[in-house]
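Fold and geometry: a report
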Amino acid sequence: MRGKEVFYPVGWDDNGLPTERRVQNYYGVRCDPSLPYDPGFVPPGPAGASGAPGRAPRDQVPVSRRTFVELCRELTERDERVYAEAWRRLGLSVDWSMAYRTISDAAQAVSQRAFLRSFARGEAYLAEGPSLWDITFGSAVAQAEVEERDVAGSYCTITFTFASGDAPVLVATTRPELLPACVALVAHPDDERYAGLAGRAVRTPLFGVPVPVLGHRLADPGKGTGIAMVCTFGDTTDVTWWRELGLDTRPVIGRDGRLLGGPLPWLASPSAQAAYRELAGLPAAKARARITGMLRASGDLRGEPEPVVHPVKFYEYGEAPLEIVATRQWYIRNGGRDPGLRQALLARGRELDWHPPHMRARYEDWVHGLAGDWLVSRQRYFGVPIPVWYPLGEDGEPRYDAPIVPAEDMLPVDPAADTPPGYAESQRGLPGGFTADPDVLDTWATSSLTPRLACGGLGAGAEDLFARVFPMDLRPQAHEIIRTWLFYTVLRSHLQQDRLPWRHVAISGWVLDPDRKKMSKSRGNVTTPADLLRDYGSDAVRYWAASARLGVDAAFDPGQLRVGRRLAVKILNASRFVLGMAGPSDPGGAAGSAAADGAAAAAITAPLDLAMLGRLGGVVHRCTEAFEAYDHALALEVAERFFWFFCDDYLELAKPRAYGGSGEKAAASAVAALGRALSVQLRLFAPFLPFVTEEVWSWTDRGPLPGGSVHRAPWPDPGPLRRLAAAAGRPGEPGDGLLLDAASAAIGAIRKAKSQARLPMRASVRRLAVTAPAPHLKALAEVLADVQAAGAVAEADLRESAGGQPAHEVTI
């Protein structure tokens, strides 16, 4: 509507752990990569078939990786059709011909090329170390995918003893099951209680392993007893202490969340090994209970465990607390360990125009809080394969220090099925041959490339389009993925193009339930769109959504849907009336052309009409400013406020004159003003209520509208509206505003009196007396004829007062 071509594709984020979980539950299957592909496999699902939904993992049917990926593709395509149907019905204004999917071959090629180029630049690297591990999905996860949940636990206070027999050190911990993984005790260097212990060694209870007492700034003197047990690994603080203090690694938690089978080499004595055998193989929670009993029996537990509710880290889609296990993973540098890159990314955040501005703080808080590089490998199946193979030595072990990568013209590749350059498929898995990297890329590693994905991939046409539209204007998204989608896209663009991917970011809030709680399936408070679209109509749903301001959570309110439906119906009815008054040849000035402006200027002469159009010019100006400031809710509010004045007051005041009650010239003025105002308002509402405005705009046989699509019509210009009033010698605001307010107050008082008397609006009024200051009376006098005609008022008496609010006395 502003005369620009708009690039607005739609993308489907297909891959990721939630998709796999949905496929497992829907079809009743699980992936077992060791199984061969069965082209004739028929899953026990889909949901609704006997035994499929709700199957426990142990009851799910194992299938090959290829079969599992096929089922993932099948279900995501089916789900996307449902989404697309709802979004089309809602009137989402994307270009459906430019849809992309994050799992398509084109997207995989884009993602793999970006990874390989990051690897060539030294930004992507393979490393072995502690990783956040979700035992539900059996995969490493990134810092950005972690959330804290309050969990009930217990503080156990246990004793660490000195070989010298000195007084023991008391340590409070919520994870006593990690005692066999203890590598040190840490206190704050300024904590006088433990100042004399630095550098000494204590022995762990039950296992008798000597560990040092050390100082570190992250130890909290006010937490527990003020001295902490460092284990490998209980939480991310343990990782920091382990790395910065150069401590040993003694892992005891496996990838399945159970304590490892023994023997553990650092447990030297038979009694220590015997104690550990009681814990080996137990899930962490059961091991916690078991070792608490063992500590109680040995006398190393001081008092009884104290109940506590404390925050515990979970994968955002996981069901069990995260563990930290040592694994080999791929990372991309993100500033977490590089102060220079961190500062560069903070500077990129300051370059962006944030809407609303305060959301920039979330980005900066995230960048400041990065604790390590971005872990991008996932131990899953439905995703973009990491495009790497490893040569196998003569001993059959992979050489991780010499990865084999494909040429870019080979992309996309699946190392599990494709052969690396220089090798034959017969060498797969054999000494002297090769093996594939078994992992896939984090879904954000692909979604962070959406500016490139949106352009269609890697072909010549896509490169040309990318050159024309990058950097883009706007990224619209919600606030909870600032740390993922927004940050990662800024990071990849900074590393690859050395610039921002877009100029503006519009951050929306969540939709909450009527009690202002986040909607979730587990709470049963989710509202789906299908019924709302059917019961209220698309325009009503859009009205409710568009009323929410950026950066603010919006509670779902059926009352707002009803208001939106009422508005849409009122637009239809008001338009029928206006277009019924203005014939096809009447000069409504619908498109704002010079000819239409001239015709309207000649026809529109009545003070009420000119004042109304002058006010409408101000409305157009404020709506335009609001849109340019990314405040769509304000634009809707301003347009709607004027529309109800137009319907409730102006239409009623102008109607008798439009019917010819004051002569042909006065009627022509009303009809032309009505047509022009309708044209402008339809275009103001078009972005919000596209269906009702398009319907009315198509009624070219009923009035002055030019036909075509309202969404291709030019956005209203306030200049011609203001020039109409100025050409007629009108004072503009605030003088004409006072005229309109005086007219509204008078007709409102008449309506109220008739309503209280239970009379129809067409009933006659003997006398209207208005007592007000002189400026108010002067303004009212210009439109008094319209007021008397609309209210059927026989006599009007205007009385000047020294000040105060206008008073109206209606005699029926």
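Parameters and conventions
- Residues numbered from 1 in each chain as written.
- Predicted model: local features only at pLDDT ≥ 70, side-chain atom pairs only at ≥ 80, totals over all residues.
- Heavy atoms only, no water.
- Helix = DSSP H or I, 4+ residues; strand = E, 2+ residues; numbered from the N terminus.
- Rg over C-alpha atoms; globule rule 2.2 N^0.38 Å.
- Contact = heavy atoms within 4.5 Å.
- Areas by Shrake-Rupley, 256 points an atom, 1.4 Å probe, with all protein chains shown as cover.
- Lys, Arg positive; Asp, Glu negative; His and termini not counted.
- Charge placed at Lys NZ, Arg CZ, Asp CG, Glu CD.
- pLDDT = per-residue confidence, 0-100.
- Axes fitted to C-alpha atoms, helices over the stretch in contact; angles between N-to-C directions.
- Parallel < 35°, antiparallel > 145°, perpendicular 65-115°, else oblique.
- Left-handed = near helix turned anticlockwise from the far one by under 90°.
- Nonpolar A, V, L, I, M, F, W, Y, C, P; charged D, E, K, R; others polar.

Examining the overall build of the protein chain
On a plain count of helices and strands, the protein chain comes out with 23 helices and 27 strands. Compactness check: the protein chain gives a C-alpha radius of gyration of 36 Å against a globular reference of 28 Å for 812 residues, more than 25% above the reference. Dimensions of the protein chain, computed from C-alpha atoms along their principal axes, come out at roughly 110 × 65 × 55 Å. The long-range share in the protein chain, meaning contacts at least 24 apart out of those at least 6 apart in sequence, stands at 76%. If you sum the accessible surface of the protein chain, you get close to 36,300 Å²; carbon and sulfur atoms cover 52% of it. The protein chain carries 90 positive and 95 negative side-chain charges, and their two centres are separated by 4 Å.

Quick look at the confidence of the model for the protein chain
Scored by pLDDT, the protein chain comes out at a mean of 91, with 95% of its residues at no less than 70. Segment residues 47-53: pLDDT under 50, and 13 contacts once partners within four positions in sequence are set aside and those in other chains are kept. Contacts of residues 584-592 to residues separated by more than four positions or lying in other chains number 27 contacts, the stretch itself having pLDDT below 50.

A short note on the packing of helix 7 (residues 339-351) against helix 12 (residues 482-497)
Put simply, helix 7 and helix 12 touch, their axes get as near as 11 Å, and they point 110 degrees apart. On the basis of their axis angle, the class for helix 7 and helix 12 is roughly perpendicular. Between helix 7 and helix 12 the crossing geometry is right-handed. Residues Leu341, Ala344, Leu345 and Arg348 of helix 7 form the contact with helix 12, whose own contacting residues are Phe487, Val490, Leu491, His494 and Leu495. Among the residues forming the contact of helix 7 with helix 12, the class breakdown is seven nonpolar, one polar and one charged.

Digging into unusual backbone geometry
Residue Phe233 is reached from Thr232 by a cis peptide bond, and omega for that bond is 0 degrees. Along the chain, Phe233 falls in the loop between strand 12 (227-231) and helix 4 (236-245). Despite not being glycine, Leu206 shows a phi value in the positive range, around 70 degrees. Of note, Leu206 is situated in the loop between strand 10 (201-203) and strand 11 (210-215). Its identity is not glycine, yet Asp498 carries a phi of approximately 55 degrees, on the positive side. You can see Asp498 is positioned in the loop between helix 12 and strand 22 (502-508).

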